[in-house]
Amino acid sequence: MTHPLTTPPLRYRLRAALTQLRSNGPRSAADPVTGSVESTLVVAALQKAHHHNRSIIVRTRGGHMMPRLSVDTIHARHTNLRTDSGELVLLPLRFIESVQQQRATTDGERGLL
């Protein structure tokens, strides 16, 4: 059975349900557009990376990894990212599963936090 791209994977839906059950307060932290707490966390991670001008690795819901990206702008439903070679990437927020910040390692390479 296949699901359309708008249906998140089962593990994502289970994680969202567990997060909602564990929360003690009201669901005021949920994203007003999608109603998802996870997308709010993705936006917060993108804003932090943009504010501190750090490189990030984005994992999409399809499992693709996009390394060494910098955040140009963040909008209500999408974000503009830039690769280290200067190419612009327009990515809808609903396609992003996770955001990881990169940090410099001792040998000059880029590593994960």
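Residues numbered from 1 in each chain as written. Predicted model: local features only at pLDDT ≥ 70, side-chain atom pairs only at ≥ 80, totals over all residues. Heavy atoms only, no water.

Asks: Help me understand the pairing of strand β1 (residues 56–60) in this model?
Replies: Strand residues, when the strand is regular, have side chains that alternate between the two faces of the sheet. With respect to burial, β1 is a largely interior element, 4 of its 5 residues being buried. Hairpin connection of β1 to strand β2 (residues 65–74): 4 residues between the antiparallel strands, including Gly63 at a positive phi of 95°. (Buried < 20%, exposed > 50% of the residue type's maximum accessible area, 1.4 Å probe, protein only. Helix = DSSP H or I, 4+ residues; strand = E, 2+ residues; numbered from the N terminus. Pairing = 2+ DSSP bridges.)

Asks: Would you take a moment to explain the environment of Asp72 for this structure?
Replies: With respect to the helices and strands, the residue Asp72 is situated in strand β2. Judged by relative accessible area, which is 26%, Asp72 ranks as partly exposed. C-alpha separation for the pair Asp72 and Leu90, spaced 18 residues apart in sequence, amounts to 9.9 Å. Here the side chain of Asp72 touches Arg82 through a polar contact of 3.0 Å, side chain to side chain. (Polar contact = N/O pair within 3.5 Å; in protein donor to acceptor, adjacent residues only side chain to side chain.)

Asks: Where do I start with unusual backbone geometry in this structure?
Replies: Residues other than glycine seldom take positive phi values, yet Asn53 does so here, at roughly 55°. Inspection of the secondary structure puts Asn53 in the loop between α2 (37–52) and β1. A relative accessible area of 67% means that Asn53 is categorised as exposed.

Asks: Any chance you could explain the nonpolar core here in plain terms?
Replies: Ranked by size, the top nonpolar core spans 14 residues in total, and within it Leu46, Ile56, Val58, Val71, Leu81, Ile96 and Val99 carry the most contacts. Sorting the residues of this core by element identifies α2, β1, β2, β4 (88–92) and β5 (96–104) as the ones contributing at least two each. For this core, the element with the most residues is α2, which contributes 4 residues. Other than its neighbours up to four places away in sequence, Leu46 contacts Ile56, Val71, Ile74, Thr79, Leu81, Leu93, Ile96 and Val99. (Core = buried A, V, L, I, M, F, W, Y, C linked by side-chain atoms within 4.5 Å. Contact = heavy atoms within 4.5 Å.)

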